[in-house]
Amino acid sequence: MTTGNEAAAHLDLETGDSSAGVDGGGWGSDPDFSDPFDIANTKNASHESLKRWRQAALVLNASRRFRYTLDLKKDEEQEKRRRMIRAHAQVIRAALLFKLAGQRAIVLGTTVAPPSPNGDYEIGLEQLASMNRDHNITALQQYGGVKGLAEMIKTDVETGIYGDENELARRKSAFGSNTYPVKKGRSFLRFLWEAWQDLTLIILIIAAVASLALGIKTEGLEEGWYDGGSITFAVLLVIFVTATSDYRQSLQFQNLNEEKRNIKLEVIRGGRRDKVSIYEIVVGDVIPLKIGDQVPADGILISGHSLAIDESSMTGESKIVHKDHKSPFLMSGCKVADGAGTMMVTGVGINTEWGLLMASISEDTGEETPLQVRLNGVATFIGIVGLTVALFVLIILLIRFFTGTSKNPDGSVQFVHGETSVSEIVDGVIHIITAAVTIVVVAVPEGLPLAVTLTLAYSMKKMMADKALVRRLSACETMGSATTICSDKTGTLTLNQMTVVEAYVGKQKMDPPEDGAQLHATISSLLDEGLAQNTSGSVFLSKEGAMEVSGSPTEKAVLQWGVKLGMKFDVVKSESIVLHVSPFNSTKKRGGVAVRGKTGSQVHIHWKGAAEIILASCSQYVDVNGSLQSIEEEKELLKDAINDMASKSLRCVAIAYRTCEIDTVPTDEEQLSQWTLPDEDLVLLAIVGIKDPCRPGVQDAVKLCQHAGVKVRMVTGDNIQTAKAIALECGILAPDADTSEPYVIEGKTFREMTEKEREQIASKISVMARSSPTDKLLLVQTLRKQGEVVAVTGDGTNDAPALHEADIGLSMGIQGTEVAKESSDIIILDDNFASVVKVVRWGRSVYANIQKFIQFQLTVNVAALTINVVAAVSSGDVPLNTVQLLWVNLIMDTLGALALATEPPTDHLMDRTPVGRREPLVTNIMWRNLIIQAVYQISVLLVLNFSGIKILNLTNAGEEHANMVKNTVIFNTFVLCQIFNEVNARKPEELNVFTGVTKNPLFTGIVGSTFILQIIIINFLGKFTSTVRLDFQLWVVCLAISIVSWPLAIAGKFIPVPKTPLAKVFIRPYQSCIAARNGSNST
């Protein structure tokens, strides 16, 4: 049940204008005020804005508070180091080229030292590394070129190495492994040191040491060490628990970073294509490369077609370098920008420039997240209040002490002028200072921004089980604000298990589609050649001897169809020579190849791609008798066939060819590489319909998104009919939905509109068909301009700009290229849309868990501060002493964060609209809950403080004992109230706070252990905490007072809350303070 004003609780004010909203970051109406903590999106935030909020934050322990934020200084140093290593490599290469040029001018040809054997291999590690590093083409030629070098390192350029365990071990021993030393994470001792850096804890330790010395001097060792010793122990406990919690988080981040680096890629071993980890690559491996791949090690190009490499990660220059036999060297860490090829690995790990670069810079886990920045703002605000209160208490207690109005527990006056000894005065002043400093410890919530990191670390770990690998922390929480998801179709909404279910050869429909006997020999021969040569896939025998097909799902489907028709893949490939390849890409929607038969002089140019695009380029078709016929009269029939297949959710692919005389083909290799394959006057061979079924559960996932206020849009390269059919099947389009423009639109139409027209229709679009990556980027930019928080899925290299531009980029773990993954924020490991919806739930859970923790912490803050201030002003003493408050701080800061920040997501989260990124962190519902609890706790505890002796019937006991019992009851009741209120904080808006409590063993474990520890403290550690044992009746009283917080919380939820966020009222003095701090920083 949700009560109060839900509109206020879930108002989305994300418009890109910080003055438009009233919230935790962009509150307020002061036009001259610029809140440094208002960073709506840290994904591409400037260093300047990140510096600004750090300078504005009130921090008593910088090493702890900023541990998981980006270290700006280190980031700049690492960038300098990267530049230095790149420059160093370029200088060496330039010097070598200059030297070689000089040598060539003097002597024709330069000689290279002959290769020296290395165990089983004919060339040494140093010679290979030197050739790679210097891109020494002369050395490569002297070793006999690629084939000669392959013989030296005992590999085959076609089938690769055999790849058994013994061979891999020998190669790793001779040439090294594809790993590099990673800087170790911080040790537990380092975390202890950082936790100890807190200024308030240092002051408390100094005060404890002074108290210890005075106590032993005045009361002797046996009794005098308790006061100082107990404070020291309490401080050390806080440090140890904090360090342990932070160390565990750090280990989680290390494991996730390891997972991110562990790329899986395809290698050819023993003639088969296997998927292996990048760490398992060895020298001699043969690796196929395609658009979007990362070059996994240093190597030499064996063969390639239009292969272009983006070397900016190594050279720092965003220049695409074309690779061929004149420039065959490939550098590890670079990306394939275009084309395809095969490489032979010649250098791995630390023997590559990339390995040196990665070993020299540590991967920084620090990163801003918008919530973290806003919580630093909240912590600063609370800290200013806490410091003011602590200073006020310190002054009041010192005045009362020196005016003789402060009394000891036995009723005697603490300070009498001329009678009280110096050591007693010092001891009294130390007690007052420790009380004031402890208020600061409780009031300045250093753990508040870290609660975000805690809940994000927990969420990231759990999201791995839900098939989502988080690359950027901020994406986790931003996903909770997502208002729209632009999803790919293939593999995300569908299973990516493609099979050819319909086929037309010429204008004749084949039934069944895989019956090769229906085909004329001419058609069969041309189809076999087109399928076998115009593909990035492969057909091979598995270890078990079965026929296996590799490649993208579409390639696999078409190749499997060819095999069923009787195509002998290896035989067909061996009968012709590939002259030039025009690789398929998502912009052209087709790919082509020029081949020449080994015997004939005729060249065939084969094309394969989107059916309607290929059909538009055809002027003829081959009929069932193998004769050429004009296509003009049959085009409408074939278009109807394509539409018919598309309406059944089939992906339509056409296969066509044309002949080309040999004398029109460029003979020079450079001209050939620039040759644009003719794509007009094609002869249609076949059109196939490929079925890719919808994923089970995707309809429910889409429905859940729509219920949660998140609009799902399909952006696909398929034709408009196929897109419509799949959208209806998935529930993106309702059965009675309008499927005209702009609801269902083609990418080209959207692209050709003016910016204003795009803005008018973008929000209406549900399906975008035949879209290119540019169209996807335009849609993302337009939606973001309109204030939408956009999540985008993508798998191709060309999707990288859209993934980078989106608020949350989601790449596909199976089909996604390395370029797409690196541009994304989250990798969906199973390519499933249902996993995207789980990420939305986790994003909302992060936000909800932080709010629970804030509500709990603020209640403790308000209650503890008010009780101590009122008691200090009125009686000159504080009922909650230093050790007791440190125990409360431990419950509240570290244990409270652990308990509440690790609550698993519930279905209730998807009943809300998306969380506005500038929505108040402390909503009116939370204010209502915490005010009710704080007022109750303050009232009860102050009544006990002033009238407790009478109420608890302690008038007959001695004054000192009665005061001790009363203060113990106050302390015990206060702690029990926090334990019961921790349960309330689980469900700020629901009546039943116990639902799902058993599903979080960490929560029940922390609450249970806190309760048991409280019993132990009261019964056995009285000397340390200045408490006495309570009898059974007083325990019942404490529990009875504390348990009232449960029914009180239920009753409070029926109180309506106002629409205007209360944060607006409280923020003005904070704005003035921050503005003043900014002014002083700038001068």
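Undergrad: I'm lost on the overall build of the chain in this one. Help?
TA: A count of helices and strands for the chain gives 39 helices and 26 strands. The buried share of the chain, reckoned over its 1083 residues, is 57%. Considering only intrachain contacts with a sequence separation of at least 6, the fraction spanning at least 24 residues in the chain is 74%. Carbon and sulfur atoms make up 57% of the accessible area of the chain, which totals about 44400 Å².

Undergrad: Would you mind showing me how to read the pairing of strand 9 (residues 484-487) here?
TA: Within a regular strand, side chains alternate between the sheet's two faces. Side chains T484 and C486 project from strand 9 onto one buried face, and the interleaved I485 and S487 project onto a second face that is buried too. Where strand 9 lies against strand 21 (residues 711-715), four bridges are found, and the strand directions are parallel. Along strand 21, the bridge assignment pairs S487 with M714. Examined bridge by bridge, strand 9 and strand 24 (residues 790-794) share three bridges and lie parallel to one another. Directly across from T484, in strand 24, lies its bridge partner V790.

Undergrad: Would you mind going over unusual backbone geometry with me for this structure?
TA: Negative phi values dominate among residues other than glycine, just as trans dominates among peptide bonds. For the bond from D511 to P512, the omega torsion is -5°, close enough to zero to count as cis. Along the chain, P512 falls in the loop between strand 11 (508-510) and helix 18 (521-533). The amide bond that connects E741 to the next residue, P742, takes the cis arrangement and shows omega of 5°. Here P742 shows up in the loop between helix 25 (720-730) and strand 22 (744-746). The backbone of S649 shows a phi angle near 70°, a positive value even though the residue is not glycine. Mapped onto the fold, S649 is located in the loop between helix 22 (635-647) and strand 19 (650-661). Looking at S649, the relative accessible area reads 5%, which means it is buried. Phi is positive for N953, which is not a glycine, with a value near 60°. You can see N953 is positioned in the loop between helix 33 (924-951) and helix 34 (959-985).

Undergrad: How should I be thinking about the pattern of salt bridges in this particular structure?
TA: Two side chains bearing opposite charge may form a pair once their charged atoms approach each other closely. Under the counting rule described, the total for this entry stands at 30 salt bridges. Across the pair K335 and E822 runs a salt bridge whose closest N-O atoms are separated by 3.5 Å. Taken as a pair, K335 in strand 7 (residues 335-347) and E822 in helix 30 (residues 818-823) lie far apart in primary sequence, 487 residues in all. Look at K335 and you get buried, because its relative accessible area is 11%. Of the residues examined, E822 reaches a relative accessible area of 37% and is grouped as partly exposed. The salt bridge partner of E636 is K639, with a shortest N-O separation of 3.9 Å. Of this pair, E636 and K639 both sit in helix 22, three residues apart, which is roughly one turn of that helix. Judged by its relative accessible area of 41%, K639 falls in the partly exposed class.

Undergrad: What am I meant to see in the confidence of the model for the chain here?
TA: The predicted coordinates ought not to be read in detail in places where the model reports low pLDDT. Per-residue confidence for the chain gives a mean pLDDT of 81; residues scoring 70 or more make up 83%. Within the chain, strand 20 (residues 682-691) carries the highest mean pLDDT (94), whereas helix 1 (residues 6-9) carries the lowest (34). Considering only residues more than four positions removed or in separate chains, one finds that residues 1-33, a stretch of pLDDT under 50, has 79 contacts. Across residues 103-110, where pLDDT falls below 50, the model places seven contacts with residues more than four positions away in sequence or in other chains.

Undergrad: Whenever I open this one, helix 38 (residues 1045-1052) confuses me. Can you help?
TA: Given 3.6 residues to a turn, an α-helix orients residues that are three or four positions apart in the same direction. For helix 38, every residue scored as buried is listed here: S1045, A1049 and G1052. Taken end-on, helix 38 shows its buried residues confined to a sector of 65°, consistent with a single buried face. For helix 38, the secondary structure elements touched by its buried residues are helix 33, helix 34 and helix 37 (1032-1043).

Undergrad: Hey, could you run me through a nonpolar patch on the surface in this one?
TA: On the surface, I1012, L1013, I1016, F1020 and L1021 cluster together to form a nonpolar patch covering roughly 450 Å² of accessible area. With respect to the secondary-structure elements, I1012 resides in helix 35 (residues 1001-1020).

Undergrad: Help me understand the sheet that holds strand 23 (residues 767-769), please; the structure alone is not making it clear to me.
TA: Sheets are built from strands that pair by backbone hydrogen bonding, the pairs being arranged parallel or antiparallel. With respect to topology, eight strands assemble into an open sheet ordered 8-26-25-24-9-21-23-22, the strand pairing being mixed. Of all strands in the sheet, those with a lone pairing partner are strand 8 (468-470) and strand 22, marking the two edges. Geometrically, the sheet is characterised by an average inter-axis angle of 20° between neighbouring strands, direction not taken into account. Bridging between strand 8 and strand 26 (residues 826-828) involves three bridges; their strand directions are antiparallel. Bridge pairing in strand 26 places V470 opposite I826.

Undergrad: Help me understand the packing of aromatic side chains in this model?
TA: The description of an aromatic ring pair uses the distance of the two centres, along with the angle that the planes make with each other. Per the counting criterion, the structure on display carries eight aromatic pairs. Taking the centre distance of 5.6 Å and the plane angle of 65° together, the rings of F188 and Y247 count as edge-to-face. Note that F188 is positioned in helix 9 (residues 188-196) and Y247 in helix 11 (residues 226-261), a separation of 59 residues in sequence. A relative accessible area of 26% means that Y247 is categorised as partly exposed. Taking the centre distance of 5.7 Å and the plane angle of 65° together, the rings of F191 and Y247 count as edge-to-face. With F191 in helix 9 and Y247 in helix 11, this pair connects stretches of sequence that are 56 residues apart. Taken together through their ring pairs, the aromatic side chains of F188, F191, F240 and Y247 make up a single cluster.

Undergrad: Just checking my understanding: could you explain the nonpolar core for this structure?
TA: Within soluble globular proteins, side chains that are nonpolar generally end up buried alongside one another. Judged by nonpolar contacts, the single largest core of 147 residues is most densely connected at I732, I808, I826, F833 and F974. Among the elements that make up this core, the one with the highest residue count is helix 31 (residues 833-875) (20 residues). Among the nonpolar cores identified, the runner-up in size contains 40 residues, and L128, M152, I153 and Y279 belong to it.

What counts and what doesn't
Residues numbered from 1 in each chain as written. Predicted model: local features only at pLDDT ≥ 70, side-chain atom pairs only at ≥ 80, totals over all residues. Heavy atoms only, no water. Helix = DSSP H or I, 4+ residues; strand = E, 2+ residues; numbered from the N terminus. Buried < 20%, exposed > 50% of the residue type's maximum accessible area, 1.4 Å probe, protein only. Contact = heavy atoms within 4.5 Å. Areas by Shrake-Rupley, 256 points an atom, 1.4 Å probe, with all protein chains shown as cover. Pairing = 2+ DSSP bridges. Salt bridge = Lys/Arg side-chain N within 4 Å of Asp/Glu carboxyl O. pLDDT = per-residue confidence, 0-100. Arc of directions from axis to C-beta. Patch = residues over 30% accessible without salt bridge, like charges linked within 9 Å, V, L, I, M, F, W, Y side chains within 5 Å. Axes fitted to C-alpha atoms, helices over the stretch in contact; angles between N-to-C directions. Phe/Tyr/Trp six-rings, centres within 6.5 Å; stacked < 30°, edge-to-face > 60°. Core = buried A, V, L, I, M, F, W, Y, C linked by side-chain atoms within 4.5 Å.

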